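Listed below are the residues making up each chain.
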Amino acid sequence: MSDSPVTQFGAPDAPFCNRATARVTIIPAPLEYSVCYMKGTERGPQAILDASSQMELYDEELDWCPIEVGVHTCPALNYRGMDHAAALHATGDATRDVLQRGQLPLIIGGEHSLSAPPIAAAREFFPDLTVVHIDAHGDLRDEYEGSKLSHASIERRVVDMGIPLTEIGVRSFSPEEAEFLKMRPDVAIVWAYQLNRGIAGIPWQRLSKHTYLTIDLDAIDPAEMPAVGTPEPGGLRWYQLLDMLREIFRRTSVVGMDVVELCPMEGQTRADFLAAKLVYKLIGYRFTADR
Ligand SMILES: [Mn+2]
């Protein structure tokens, strides 16, 4: 996979994807180890890049072309021959390299278990880091199917690291997670049904100066985002999600992010296009204030 030429996100003119001058580096992470239902997340990153090459680069809402900040896409991480733990380690290393260059890492997945090492890497650079996790699922199980590295345990690992966590859009939660939540004041959840009344209920005061944002695409309503492994009804709609994201970027400095769990489906290219547009919106919101 990594031997083929790299598709640059947005297919911009050369100066805008230059590795040295870009302010964003996109890390394609085709990770798939603990997916439990629909398989295919390893094809997610390339589907996002392919769709992005068809995308217009002017943002009518922001009235500029976010690609101008420089968006470099590095070769897809090559997990061949690695076990799950080694693959996660490699994902963290790639993130750390980008942070060391002073760039914003934006990882495109790939299954959600990939988020923990980039979050750990971001915390090395920003000790006050908080995490905002947008997802249909809590992902707070101590382990799942015998693995502590599972996609269903990703946020539990964040809590283990002592990082304050805010989850948004959750509507699928196990009894074990509900018990855990009651004991943990460092975890806040804004349920999907609460969001339906607006974003005023989000506990913004919990965000610190620096935030890592992880977005599982299954947070979005399956009517708009069908191509996920475990769809849940009652999800976020496109403009509702954008309203919330705009506010997050206004209130905190996002220093790392990922968009995960795209599981491309034959004949459902709208999902790939949504994911690509979402990635572009994240870049636009992130740099609108300080371009
Ligand atoms: Mn999920």
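Residues numbered from 1 in each chain as written. Predicted model: local features only at pLDDT ≥ 70, side-chain atom pairs only at ≥ 80, totals over all residues. Heavy atoms only, no water.

Examining the pairing of strand 3 (residues 104–109)
Extensive coverage of strand 3 is indicated by the burial of six of its six residues. Going residue by residue along strand 3, you find Leu104, Leu106 and Ile108 tucked away on one face and Pro105, Ile107 and Gly109 tucked away on the opposite face as well. Note that strand 1 (residues 24–29) and strand 3 share six bridges and pair parallel. Across the sheet, Pro28 pairs through a bridge with Ile108, a residue of strand 3. By the bridge criterion, three bridges tie strand 3 to strand 8 (residues 253–260) in an arrangement that is parallel. (Buried < 20%, exposed > 50% of the residue type's maximum accessible area, 1.4 Å probe, protein only. Helix = DSSP H or I, 4+ residues; strand = E, 2+ residues; numbered from the N terminus. Pairing = 2+ DSSP bridges.)

Some points on the packing of aromatic side chains
Tallying each qualifying case throughout the model produces three aromatic pairs. Ring geometry for Phe173 and Trp191: centres 5.0 Å apart, planes at 90°, overall edge-to-face. Here Phe173, found in the loop between strand 5 (165–170) and helix 5 (175–182), pairs with Trp191, found in strand 6 (residues 187–191); they are 18 residues apart in sequence, far enough to count as distant. Taking the ring centre of Phe180 as reference, the NZ or CZ of Arg156 above it sits at 3.8 Å. Positioned over the ring face of Phe287 is Arg286, at 4.7 Å from the centre of the ring. (Phe/Tyr/Trp six-rings, centres within 6.5 Å; stacked < 30°, edge-to-face > 60°. Lys NZ or Arg CZ within 6 Å of the ring centre and 35° of its normal.)

As for helix 7 (residues 238–251)
The end-to-end C-alpha separation of helix 7 is 20 Å, in line with the 20 Å expected for 14 residues at 1.5 Å each. All of the buried residues along helix 7 are Trp238, Leu241, Leu242, Met244, Leu245, Glu247, Ile248 and Phe249. Residues of helix 7 that are buried sit in contact with strand 4 (130–134), strand 5, helix 6 (192–195), strand 7 (210–216), strand 8 and helix 8 (269–288). (Expected span 1.5 Å × (residues − 1). Contact = heavy atoms within 4.5 Å.)

Focus on the nonpolar core
Counting residues in hydrophobic clusters, the biggest one holds 56 residues, and the most contacted among them are Phe9, Ile134, Leu213, Leu245 and Leu278. At the level of secondary structure, the elements contributing two or more residues to this core comprise strand 1, helix 1 (44–52), strand 3, strand 4, strand 7, helix 7, strand 8 and helix 8. Setting aside residues up to four positions removed in sequence, Ile134 forms contacts with Ile168, Leu213, Thr214, Ile215, Asp216, Ala219, Leu236, Leu241, Met244, Leu245 and Ile248. Counting 30 residues, the second largest nonpolar core, distinct from the first, contains Ala29, Ile119, Val131 and Val255. (Core = buried A, V, L, I, M, F, W, Y, C linked by side-chain atoms within 4.5 Å.)

With respect to the environment of His84
With respect to the helices and strands, His84 occurs in helix 2 (residues 84–100). Residue His84 is classed as buried on the basis of its relative accessible area, which comes to 12%. In this structure the C-alpha to C-alpha distance between His84 and Ser34, which are 50 residues apart in sequence, comes to 8.4 Å. Apart from residues no more than four positions distant in its own chain, His84 is found in contact with Leu31, Tyr33, Ser34, Glu111, Ser113 and Leu149.

Here's the deal with the coordination of the manganese ion
Here the manganese ion is held by the protein donor atoms Asp135 (OD), His137 (ND1), Asp216 (OD), Asp218 (OD) and Asp218 (OD), which lie 2.2 to 2.7 Å from it. On the basis of relative accessibility, which here comes to 0%, the residue Asp135 falls in the buried class. For His137, a relative accessible area of 13% translates into the label buried. (Donors = N, O, S within 2.8 Å, 3.2 Å for Na, K, Ca; no water.)

Quick notes on empty space enclosed by the protein
Applying the stated criterion across every chain, the model contains one cavity of 30 Å³ or more. Of the pockets and cavities examined, the largest cavity occupies roughly 30 Å³. Lining the largest cavity, in full, are Glu56, Tyr58, Asp59, Glu60, Lys277 and Tyr280. Across the lining of the largest cavity, the residue classes break down as two nonpolar, no polar and four charged. (1 Å grid on protein atoms, 1.4 Å probe; cavity = no way out; pocket = protein on both sides within 12 Å on 5 of 7 lines; lining within 4 Å. Points joined across faces, edges and corners; volume = space filled by probe spheres on them. Nonpolar A, V, L, I, M, F, W, Y, C, P; charged D, E, K, R; others polar.)

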